[in-house]
Amino acid sequence: GRRGGAAEELHLQAKPLLDAQRWSEALVLLEEAYGLKQSYDIATNYGAVLLALERPREAAQAFVTARKSAPSDLDDKRRARLASYDEQARAKIAVVRVEVPDRGATVRVDGVAVGTSPLAGEVFLDAGEHRFVAEKEGARSAAVVRALGAGTSEVVALGGLGAGGDEDDEDGGGAETWVLAVGY
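Residues numbered from 1 in each chain as written. Predicted model: local features only at pLDDT ≥ 70, side-chain atom pairs only at ≥ 80, totals over all residues. Heavy atoms only, no water.

**Q** Help me get a handle on the packing of helix H3 (residues 40-52) against helix H5 (residues 76-90), residues and values and all.
**A** H5 packs onto H3 with a crossing angle of 35° between their chain directions and a minimal axis gap of 10 Å. Crossing hand, H3 versus H5: left-handed. Of the residues in H5, those touching H3 at Tyr40, Asp41, Thr44, Ala48 and Leu51 are Arg78, Arg81, Leu82, Tyr85, Gln88 and Ala89. Class assignment for the residues of the contact of H3 with H5 results in 6 nonpolar, 2 polar and 3 charged. (Axes fitted to C-alpha atoms, helices over the stretch in contact; angles between N-to-C directions. Helix = DSSP H or I, 4+ residues; strand = E, 2+ residues; numbered from the N terminus. Left-handed = near helix turned anticlockwise from the far one by under 90°. Contact = heavy atoms within 4.5 Å. Nonpolar A, V, L, I, M, F, W, Y, C, P; charged D, E, K, R; others polar.)

Here it is as C-alpha coordinates:
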(Lines give C-alpha, C1' and ligand atoms only; values in the text may rest on other atoms or scores of the structure.)
Protein backbone atom coordinates (compact mmCIF):
# COMPACT_ATOMS: atom_id res chain seq x y z
CA GLY A 1 0.00 0.00 0.00
CA ARG A 2 0.81 3.65 0.07
CA ARG A 3 2.10 3.48 3.68
CA GLY A 4 4.48 0.65 2.77
CA GLY A 5 5.79 2.61 -0.22
CA ALA A 6 6.34 5.70 1.92
CA ALA A 7 8.11 3.58 4.55
CA GLU A 8 10.42 2.03 1.93
CA GLU A 9 11.24 5.48 0.54
CA LEU A 10 12.16 6.76 4.03
CA HIS A 11 14.25 3.63 4.57
CA LEU A 12 16.13 4.26 1.31
CA GLN A 13 16.75 7.88 2.34
CA ALA A 14 18.22 6.65 5.65
CA LYS A 15 20.73 4.26 4.07
CA PRO A 16 23.42 6.85 3.18
CA LEU A 17 23.07 8.27 6.70
CA LEU A 18 23.57 4.78 8.13
CA ASP A 19 26.67 4.28 5.98
CA ALA A 20 28.04 7.62 7.25
CA GLN A 21 27.14 6.68 10.86
CA ARG A 22 24.98 9.79 11.15
CA TRP A 23 22.77 8.00 13.69
CA SER A 24 20.59 10.87 14.91
CA GLU A 25 19.67 11.92 11.38
CA ALA A 26 19.01 8.34 10.32
CA LEU A 27 16.85 7.82 13.41
CA VAL A 28 14.41 10.55 12.35
CA LEU A 29 13.77 8.81 9.01
CA LEU A 30 13.73 5.28 10.44
CA GLU A 31 11.33 6.18 13.26
CA GLU A 32 8.87 7.47 10.69
CA ALA A 33 9.40 4.44 8.43
CA TYR A 34 8.96 2.04 11.38
CA GLY A 35 5.73 3.79 12.34
CA LEU A 36 4.40 3.13 8.84
CA LYS A 37 5.71 -0.39 8.25
CA GLN A 38 7.47 -2.77 10.63
CA SER A 39 9.28 -4.92 8.07
CA TYR A 40 12.42 -6.96 8.78
CA ASP A 41 14.80 -4.48 7.06
CA ILE A 42 13.29 -1.37 8.62
CA ALA A 43 13.06 -2.91 12.12
CA THR A 44 16.65 -4.21 11.97
CA ASN A 45 18.11 -0.87 10.87
CA TYR A 46 15.90 1.04 13.33
CA GLY A 47 17.12 -1.21 16.15
CA ALA A 48 20.75 -0.88 15.07
CA VAL A 49 20.50 2.91 15.17
CA LEU A 50 18.82 2.82 18.59
CA LEU A 51 21.63 0.57 19.80
CA ALA A 52 24.28 2.96 18.41
CA LEU A 53 22.52 5.81 20.25
CA GLU A 54 22.63 3.86 23.55
CA ARG A 55 18.89 3.11 23.63
CA PRO A 56 19.09 -0.67 24.13
CA ARG A 57 15.56 -1.21 25.52
CA GLU A 58 13.97 0.24 22.40
CA ALA A 59 16.52 -1.54 20.21
CA ALA A 60 15.65 -4.92 21.77
CA GLN A 61 11.96 -4.32 21.03
CA ALA A 62 12.75 -3.44 17.39
CA PHE A 63 14.78 -6.65 17.11
CA VAL A 64 11.77 -8.68 18.36
CA THR A 65 9.77 -7.12 15.52
CA ALA A 66 12.57 -7.85 13.04
CA ARG A 67 12.64 -11.54 14.07
CA LYS A 68 8.85 -11.82 13.76
CA SER A 69 8.82 -10.21 10.32
CA ALA A 70 11.95 -11.91 8.93
CA PRO A 71 11.34 -13.75 5.67
CA SER A 72 11.62 -17.54 5.93
CA ASP A 73 14.41 -17.51 3.34
CA LEU A 74 16.56 -14.97 5.23
CA ASP A 75 20.21 -15.76 4.55
CA ASP A 76 22.54 -16.88 7.34
CA LYS A 77 24.63 -13.68 7.23
CA ARG A 78 21.62 -11.43 7.84
CA ARG A 79 20.21 -13.82 10.46
CA ALA A 80 23.59 -13.76 12.29
CA ARG A 81 23.76 -9.95 12.10
CA LEU A 82 20.31 -9.64 13.68
CA ALA A 83 21.26 -12.14 16.41
CA SER A 84 24.45 -10.17 17.14
CA TYR A 85 22.58 -6.85 17.41
CA ASP A 86 19.95 -8.44 19.65
CA GLU A 87 22.64 -9.96 21.88
CA GLN A 88 24.37 -6.56 22.21
CA ALA A 89 21.11 -4.86 23.21
CA ARG A 90 20.17 -7.56 25.74
CA ALA A 91 23.62 -7.38 27.36
CA LYS A 92 22.85 -3.79 28.40
CA ILE A 93 19.36 -4.34 29.84
CA ALA A 94 17.32 -6.66 32.02
CA VAL A 95 14.88 -8.95 30.21
CA VAL A 96 11.84 -9.99 32.24
CA ARG A 97 8.95 -12.34 31.64
CA VAL A 98 6.07 -11.49 34.01
CA GLU A 99 3.70 -14.27 35.03
CA VAL A 100 0.29 -13.53 36.53
CA PRO A 101 -2.17 -16.31 37.46
CA ASP A 102 -5.19 -14.13 36.65
CA ARG A 103 -6.08 -13.47 33.00
CA GLY A 104 -6.96 -9.95 31.91
CA ALA A 105 -5.05 -8.15 34.68
CA THR A 106 -3.16 -4.98 33.85
CA VAL A 107 0.54 -5.54 34.54
CA ARG A 108 2.44 -2.48 35.73
CA VAL A 109 6.17 -1.97 36.07
CA ASP A 110 7.16 1.10 38.07
CA GLY A 111 3.57 2.32 37.78
CA VAL A 112 3.49 2.10 33.96
CA ALA A 113 1.14 -0.37 32.27
CA VAL A 114 3.14 -2.80 30.11
CA GLY A 115 0.27 -5.02 28.99
CA THR A 116 -2.54 -7.34 29.99
CA SER A 117 -1.99 -10.82 31.37
CA PRO A 118 -0.97 -13.14 30.04
CA LEU A 119 1.78 -10.94 28.60
CA ALA A 120 2.68 -12.04 25.07
CA GLY A 121 6.38 -11.28 25.32
CA GLU A 122 9.27 -10.06 27.35
CA VAL A 123 9.56 -6.73 29.13
CA PHE A 124 12.81 -4.85 28.53
CA LEU A 125 14.04 -2.74 31.46
CA ASP A 126 17.07 -0.70 32.40
CA ALA A 127 19.23 -2.31 35.09
CA GLY A 128 18.14 -1.30 38.58
CA GLU A 129 15.27 -1.76 40.97
CA HIS A 130 11.77 -2.21 39.51
CA ARG A 131 8.33 -2.66 41.10
CA PHE A 132 5.90 -5.13 39.51
CA VAL A 133 2.17 -5.36 40.26
CA ALA A 134 -0.97 -6.66 38.55
CA GLU A 135 -4.46 -5.21 38.96
CA LYS A 136 -7.95 -5.91 37.71
CA GLU A 137 -11.31 -4.49 38.75
CA GLY A 138 -10.02 -3.03 42.03
CA ALA A 139 -8.04 -6.13 43.05
CA ARG A 140 -4.25 -6.09 43.08
CA SER A 141 -1.41 -8.55 43.53
CA ALA A 142 1.25 -8.07 46.15
CA ALA A 143 3.97 -5.87 44.73
CA VAL A 144 7.24 -7.57 43.85
CA VAL A 145 10.35 -5.40 43.79
CA ARG A 146 13.37 -6.77 41.98
CA ALA A 147 16.88 -5.36 41.61
CA LEU A 148 17.86 -6.47 38.11
CA GLY A 149 21.33 -6.39 36.61
CA ALA A 150 22.23 -5.64 32.99
CA GLY A 151 22.44 -8.78 30.89
CA THR A 152 20.04 -10.74 33.09
CA SER A 153 16.93 -12.60 32.05
CA GLU A 154 14.41 -13.32 34.79
CA VAL A 155 10.88 -14.48 35.46
CA VAL A 156 8.80 -12.39 37.87
CA ALA A 157 5.85 -14.40 39.16
CA LEU A 158 3.16 -12.22 40.69
CA GLY A 159 0.70 -13.76 43.11
CA GLY A 160 -3.04 -13.86 42.67
CA LEU A 161 -5.13 -10.74 42.90
CA GLY A 162 -6.42 -9.82 46.36
CA ALA A 163 -8.29 -6.91 47.82
CA GLY A 164 -7.12 -3.70 46.20
CA GLY A 165 -5.65 -0.84 48.11
CA ASP A 166 -5.24 2.87 47.68
CA GLU A 167 -3.56 3.58 44.31
CA ASP A 168 -1.19 5.98 46.02
CA ASP A 169 -0.24 3.46 48.72
CA GLU A 170 3.47 2.96 48.09
CA ASP A 171 3.57 -0.58 49.43
CA GLY A 172 0.96 -2.01 47.08
CA GLY A 173 -2.26 -1.49 49.01
CA GLY A 174 -1.06 -2.97 52.25
CA ALA A 175 0.08 -6.11 50.48
CA GLU A 176 3.47 -7.45 51.41
CA THR A 177 6.35 -6.26 49.21
CA TRP A 178 9.34 -8.51 48.56
CA VAL A 179 12.72 -7.20 47.42
CA LEU A 180 14.93 -9.66 45.56
CA ALA A 181 18.39 -8.83 44.21
CA VAL A 182 19.03 -10.68 40.94
CA GLY A 183 22.08 -10.74 38.70
CA TYR A 184 24.52 -8.82 40.89
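After that view of the structure, there is still more to cover.
**Q** Can you tell me about the sheet that holds strand E4 (residues 123-125), naming the residues and giving the values?
**A** Reading across from one edge, E4-E1-E8 is the order of the 3 strands in this open sheet, with mixed pairing throughout. Across the chains shown, the open sheet's two edge strands, defined by having one partner strand only, are E4 and strand E8 (153-157). Mean inter-strand twist for the sheet, computed between neighbouring axes without regard to direction, equals 35°. Looking at chain direction, strand E1 (residues 94-99) and E8 are connected through 5 bridges and run parallel. Directly across from valine 95, in E8, lies its bridge partner serine 153. (Pairing = 2+ DSSP bridges.)

**Q** Report on H5, specifying residues and quantitative values.
**A** For H5, built from 15 residues, the straight-helix expectation of 21 Å at 1.5 Å per residue is met to within 8% by its first-to-last C-alpha distance of 21 Å. Among the residues of H5, those classed as buried are Leu82, Asp86, Ala89 and Arg90. In an axial view of H5, the angular spread of the buried residues amounts to 95°, which keeps them on one side of the axis. Across H5 from its buried face, at more than 90 degrees, point the exposed residues Asp76, Lys77 and Glu87. Residues of H5 that are buried sit in contact with H3, helix H4 (56-69), E1 and E4. Its side-chain oxygen placed 3.1 Å from the backbone nitrogen of lysine 77, aspartate 75 serves as the N-cap of H5. (Expected span 1.5 Å × (residues − 1). Buried < 20%, exposed > 50% of the residue type's maximum accessible area, 1.4 Å probe, protein only. Arc of directions from axis to C-beta. Polar contact = N/O pair within 3.5 Å; in protein donor to acceptor, adjacent residues only side chain to side chain.)

**Q** Describe in detail helix H2 (residues 23-36), supporting the description with residues and values.
**A** Under the 1.5 Å per step criterion, the end-to-end length of H2 is 20 Å for 14 residues, consistent within 8% with the ideal 20 Å. Along H2, the positions that sit buried rather than exposed are Ala26, Leu27, Leu29, Leu30, Ala33 and Tyr34. Where H2 is buried, its residues contact helix H1 (2-19), H3 and H4.

**Q** Explain the nonpolar core to me, using residue names and the numbers behind them.
**A** With 31 residues, the main nonpolar core has Leu30 and Tyr46 as its most contacted residues. For this core, the secondary structure elements donating two or more residues are H1, H2, H3, H4 and H5. Looking at this core element by element, the count peaks at 7 residues for H3. Apart from residues lying up to four places away in sequence, tyrosine 46 is in contact with Leu27, Leu30, Glu31, Tyr34 and Ala62. (Core = buried A, V, L, I, M, F, W, Y, C linked by side-chain atoms within 4.5 Å.)

**Q** Just give me the short version of the pairing of strand E7 (residues 144-148), but keep the residues and values in it.
**A** Regular strands have side chains that alternate between both faces of the sheet. Burial within E7 is extensive, with 5 of its 5 residues counted as buried. Residues Val144, Arg146 and Leu148 of E7 are buried on one face, and the alternating residues Val145 and Ala147, pointing to the opposite face, are buried as well.

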